[in-house]
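Summary of structural features
Residue-level listing of the chains:
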Amino acid sequence: MNIAISGLSNAGKTTIFNALTGLNVETTIYPSVAEAPHRGSVKVPDERVEWLSGVFKPKKTTHSTIEYTDFIGLARGETDNNRKVLDLLKDADAILDVLRAFNDPAVVHPDNSVDPLRDARTLEVEWVLSDLDLVEKRLTRMADAAKRGKKPDEAEKKLLTRCKDFLEGEQPLRNMPLSPEEWKSLRHLQFVSAKPRILVLNISEDDMGSDKVAEMVAAIAGELRCNPQHVIPMCGKIEMEIGQLQPDEAKDFLADLGIAEPACNRLISVCYEALELISFLTVGEDEVKSWTITRGSSAVQAAGKIHSDIERGFIRAEVVSYDAFKAAGSMAEARKHGSVTLQGKTYTVNDGDIINFRFNV
C-alpha cells in the first residue's frame, strides 16, 4: 500500500513524512525542487501479530507494511513541478493532503495567511481540474478517431461524458455514484480525484486538544463531504520528535504529553479504513505473518495474496478467528472447542482470521 503525501508549499509535508516514517529528511523553509521523491516503509502495528509470535516463537515475524511517499509541494504557476506531483499521485493508493494550521512568521505561507479550509479546497480543485483535463483529452481523441472511421466504445464514451459533467460541477470523482463495474472500467485512467483522500491538519503544539482544532475538523469535513475521522489533527513537529525516539523513550514522551498513541498509528488505521483493507494471519514455527487484503475478499483471493500456486491449487482453508484462538490458547484447544472450520473458495475472509491453506499443484 502506497500513500502519497501532498500539500501546498510550506505546509509541513516533509515534517509529517518524518513523523510517519521515523526518517530524518531535511526540512526547509523554501519550496523544494527535489528531483526524486522521498520514500519510507513502515511496519503496520498489530498486537495480534506480536501475541501470536509469543505463542509460536517463530524464526521470523513479519508485519504488513505501508509506504509513504513525500515530494515537492504544489505551487501556483509551477506547471512543470505540479505535473510531476500529479504523476506521482496517480500511482498512489490514496492521497494524504497536509493542511497547514500553524502560524510561524519564519515559514511563509504561499497565500500569506493560514487557512486550512481554503487550502483543502485549493488542493481538491487541482485534483478535479487534472482529471477534467484528462477526460476532455480522451473524449477529443475518441471524436478524432471517429472522424477517421474508427467506431468509438459507446459505453466508455457515455461514462466519460458523465465524469466530465460531474467534474465540471467541481466535484471529485470519489463522490460520484458509480457501480463496481464502472469503477473497474475507469481504473486504468488513474483519476486522482477518485482516490481516497485523507487530510492531516498540521497544528501547533499550543493547539493540541483545543476546541479550535475540533471546530476546524468539523468545518473541513462538512465542506468537503468527507468522514470527520479522515481529518486528522497532528502536531507535525512533536510527532517528528516522537518518531526519532527509541520505543521506550517514545512511550514516556507520549505519557508526559497525555497522548495515548502516536498519530502515525492512528493514521494507519484510517488508511486501512479509507481503502477498505483488512488483515488475515498465517502462523507456524517458521513464520507468523500479517497479510493485507481488500475487505470482502474470498478465501481463494487471499490464497493468491500469498502465492499464485496456492490460489491455483486451492483445496480448502482451515480458519479460526484470532479472538477464538486467543481464548483457546492453542490450535489443539481451538479445534477441541470447534472454533476451527474448513472453508471453501467462496468463504469471505474476516479481519483477524488465522488461515492455513490446503492446496495441491
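Our structure's up above, just so we're on the same page.
It should be emphasised that the depicted structure is a prediction, and the values quoted were computed from it without experimental measurement.

**Observations regarding a negative patch on the surface**
A surface patch of like charges, here negative, comprises D248, E249, D252 and D256. Residue position: E249 is located in helix 9 (residues 247–257).

**Looking at the sheet that holds strand 6 (residues 197–202)**
Strands sit in the order 2-4-1-5-6-7 across an open sheet of 6 strands; the sheet is mixed. Single-partner strands in this sheet number two, and they are strand 2 (38–43) and strand 7 (231–234). Sheet twist, expressed as the average angle between the axes of neighbouring strands with direction ignored, equals 25°. Sheet topology places strand 1 (residues 2–7) next to strand 5 (residues 94–100); 5 bridges connect them, and they run parallel. Residue G7 lies in a different strand from strand 5, and its bridge partner there is V98. Sitting on the sheet, helix 1 (residues 13–21) is in contact with strand 1, strand 2, strand 4 (65–70), strand 5, strand 6 and strand 7, with an inclination near 160° to strand 4. Across the sheet, helix 7 (residues 211–224) lies against strand 5, strand 6 and strand 7, angled at about 155° from strand 6, the strand it touches most.

**Some details on the packing of helix 1 against helix 8 (residues 236–243)**
Interaxial distance between helix 1 and helix 8 falls to 7 Å at its minimum, and their mutual angle equals 35°. Seen from above, helix 1 lies across helix 8 with left-handed handedness. Packed against helix 1, whose contacting residues are T15, I16, N18 and A19, the element helix 8 presents G236, K237, E239, M240 and G243 at the interface. In terms of residue class, the contact of helix 1 with helix 8 is made up of 3 nonpolar, 4 polar and 2 charged.

**Digging into the side chain of E318**
On the secondary structure map, E318 appears in strand 10 (residues 314–321). Of the polar contacts made by the side chain of E318, one reaches the side chain of R335; its length is 3.0 Å. Among the polar contacts made by the side chain of E318, one reaches the side chain of R358 at a distance of 3.3 Å. In contact with E318, other than residues within four places in its own chain, are R335, V340, T341, L342, I354, I355, N356 and R358.

**Topic: the pairing of strand 5**
Counting buried positions along strand 5 gives 7 out of 7 residues, so the element sits mostly inside the fold. Going residue by residue along strand 5, you find A94, L96, V98 and R100 tucked away on one face and I95, D97 and L99 tucked away on the opposite face as well. Relative to strand 6, strand 5 runs parallel, the two sharing 6 bridges. If you follow L96 over to strand 6, its bridge partner there is I198.

**A closer look at the pattern of salt bridges**
All chains considered together, the criterion is met by 19 salt bridges. Note that E124 is salt-bridged to R197, the shortest N-O span being 3.4 Å. With E124 in helix 4 (residues 116–147) and R197 in strand 6, the pair connects residues that are 73 residues apart, well separated along the chain. Overall, the relative accessible area of 7% leaves E124 in the buried class. Across the salt bridge formed by D309 and R312, the nearest N and O atoms sit 2.9 Å from each other. With D309 and R312 both in helix 12 (residues 308–312), this residue pair falls 3 residues apart, about one helical turn.

**Overview of helix 5 (residues 154–168)**
Taking 1.5 Å of rise per residue, the 15 residues of helix 5 would be expected to cover 21 Å, and the 21 Å separating its terminal C-alpha atoms lies within 8% of that figure. When we look at burial in helix 5, the residues that qualify are L159, L160, C163 and L167. Down the axis of helix 5, the sector holding all buried residues measures 100°, keeping them to one side. Elements in contact with the buried residues of helix 5: helix 4 and helix 6 (180–186). The opening residue of helix 5 is D153, an N-cap whose side-chain oxygen sits 3.1 Å from the backbone nitrogen of A155.

**Looking at the environment of E67**
In this fold, E67 is placed in strand 4. Distance in space between the C-alpha atoms of E67 and F314 is 30 Å, their sequence separation being 247 residues. If we ignore the near neighbours within four places in the chain, the residues touching E67 are M1, N2, I3, R39, G40 and S41. Only 2.7 Å separates the side chain of E67 from the side chain of N2, close enough to count as a polar contact.

So, how was this worked out
- Residues numbered from 1 in each chain as written.
- Predicted model: local features only at pLDDT ≥ 70, side-chain atom pairs only at ≥ 80, totals over all residues.
- Heavy atoms only, no water.
- Patch = residues over 30% accessible without salt bridge, like charges linked within 9 Å, V, L, I, M, F, W, Y side chains within 5 Å.
- Areas by Shrake-Rupley, 256 points an atom, 1.4 Å probe, with all protein chains shown as cover.
- Salt bridge = Lys/Arg side-chain N within 4 Å of Asp/Glu carboxyl O.
- Lys, Arg positive; Asp, Glu negative; His and termini not counted.
- Charge placed at Lys NZ, Arg CZ, Asp CG, Glu CD.
- Helix = DSSP H or I, 4+ residues; strand = E, 2+ residues; numbered from the N terminus.
- Pairing = 2+ DSSP bridges.
- Axes fitted to C-alpha atoms, helices over the stretch in contact; angles between N-to-C directions.
- Contact = heavy atoms within 4.5 Å.
- Left-handed = near helix turned anticlockwise from the far one by under 90°.
- Nonpolar A, V, L, I, M, F, W, Y, C, P; charged D, E, K, R; others polar.
- Polar contact = N/O pair within 3.5 Å; in protein donor to acceptor, adjacent residues only side chain to side chain.
- Buried < 20%, exposed > 50% of the residue type's maximum accessible area, 1.4 Å probe, protein only.
- Expected span 1.5 Å × (residues − 1).
- Arc of directions from axis to C-beta.

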